[in-house]
Amino acid sequence: MNIHRMPPNLDEALKQAFRRQEPPDGFADRVMARVPAKRNAPPPRWKREWLAIAASTCVAVIGAGAWQQHQRQIEGERAKQQLIYALTVASESLQVTKQMVTR
Amino acid sequence: MAMKWAMALAFAAVACGQQIDFSSLDKLAERAGNKVNVVNVTLNEEQLKFAGGFLSDQDEKQGTAKSLVNGLKGINVRVFEFDKPGGYSMSDMDGIRSQLRAPGWSKIVEARDGDETAEVYMFTQGKDMGGITVIAGEKRELAIVNIVGPIDLKSLGSLAGKFGIPREVMGMGASPAPPKPPASRKPLPTRPKPE
């Protein structure tokens, strides 16, 4: 079992691996060129305002649509009940007439 | 301009004959001393289609109602419930009956039993049925129904007593309940003689 045995010249190998090395020429410039110019700067005020307006408009439009749909449902149910009432009165008037005729 | 067109169309519909103008009945509700509950349902073709869209095909009764409404151009219903007998007289119906003497209309049933009266008029165009009007009255209640368009009377008759009628949807809110449909009137008490 020689798993835990230290390899020979380990110190030397590590020194080689971690030795100080200068970056190639222009490395720093190339990195900085890839970084967005104002990465950490907040968006301009007009942009924030327009985003807020757009978000509010979206919420308002969606809300209005939902409300309209709800109102339509209420009106439809009401119209349906009126129709059922009208048909019931018509039907029962005919039934009364039929009963009177056959009496 | 739009108002003129609407009036012209309304006049045309009335002039066609199937639609009956119920305005002559307004005086019943306004007459001094009358305490009356009035239910007024007026649905034109567009409203019928809209309302029909909310009827379920899954429910047998609603399915029947839906098929009945197909092809109809209007339904007008007035129901009056008076607090005491004699709230109306037969002459109050003259305005309605005069319209039902127009060409196309014919009285197919007239029945009287004590205070209870019923008249059924049918509108025909050639061989086609174009509408029906029913006047059913007893001493405290009066119901007038005008259906514009072809309707299957057998199917219509089969709907009697099948639906519950929530009063709040009739626009009466917390006020007294709408009159019961005529079939619920069992006793036939006396009514003043027709004038």
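Look a little higher up for the structure.
Below: a short report on this structure. Since this is a predicted model, take the numbers as computed values, not measurements.

What counts, and at which threshold
- Residues numbered from 1 in each chain as written.
- Chains lettered and ligands numbered in written order.
- Predicted model: local features only at pLDDT ≥ 70, side-chain atom pairs only at ≥ 80, totals over all residues.
- Heavy atoms only, no water.
- Helix = DSSP H or I, 4+ residues; strand = E, 2+ residues; numbered from the N terminus.
- Buried < 20%, exposed > 50% of the residue type's maximum accessible area, 1.4 Å probe, protein only.
- Areas by Shrake-Rupley, 256 points an atom, 1.4 Å probe, with all protein chains shown as cover.
- Salt bridge = Lys/Arg side-chain N within 4 Å of Asp/Glu carboxyl O.
- Pairing = 2+ DSSP bridges.

We now examine the overall build of chain A. On a plain count of helices and strands, chain A comes out with three helices and zero strands. Reading the helices (α) and strands (β) of chain A from amino to carboxyl end gives α-α-α. When the 103 residues of chain A are sorted by exposure, 19% land in the buried category. Of the roughly 8800 Å² that chain A leaves accessible, carbon and sulfur atoms contribute 59%.

Considering all chains together, one arrives at 11 salt bridges over all chains under this definition. One salt bridge connects R20 of chain A with E22 of chain A, and the closest N-O pair in it is separated by 3.8 Å. With respect to class, R20 of chain A is no different from E22 of chain A; both count as exposed. The salt bridge partner of D26 of chain B is R78 of chain B, with a shortest N-O separation of 3.1 Å. Of the two residues, D26 of chain B is situated in helix α2 (residues 26–30) and R78 of chain B in strand β2 (residues 74–82); the sequence distance between them amounts to 52 residues. For D26 of chain B, a relative accessible area of 32% gives the class partly exposed. Given the relative accessible area of 12%, R78 of chain B is considered buried. Taken together, the shared-partner salt bridges connect E45, K49 and K73 of chain B into one network.

All names here are of chain B. Within strand β6 (residues 141–148), eight of the eight residues are buried, leaving the element largely enclosed by the surrounding structure. In the sheet, β2 pairs with β6 via eight bridges, with the strands oriented antiparallel. Note that in β6 the partner of G74 across the bridge is V148. Where strand β5 (residues 128–137) lies against β6, seven bridges are found, and the strand directions are antiparallel. Residue pairing for β6: I132 is matched across the bridge by I147.

Moving on, we get to the environment of D113 of chain B. All names here are of chain B. Relative to the assigned elements, D113 resides in strand β3 (residues 105–113). On the accessibility criterion, D113 (24% relative accessible area) is partly exposed. Taking the C-alpha atoms as reference, D113 lies 9.4 Å from E138; in sequence the two are 25 residues apart.

Residue and element names in this part refer to chain B. The sheet contact formed by β3 and strand β4 (residues 116–125) spans eight bridges and is antiparallel. Looking at the pairing, S106 lines up with M122 of β4. The loop that links β3 with its antiparallel partner β4 comprises two residues; one of these, G114, has a positive phi angle of about 65°.

Keep in mind these values describe shape, not function.
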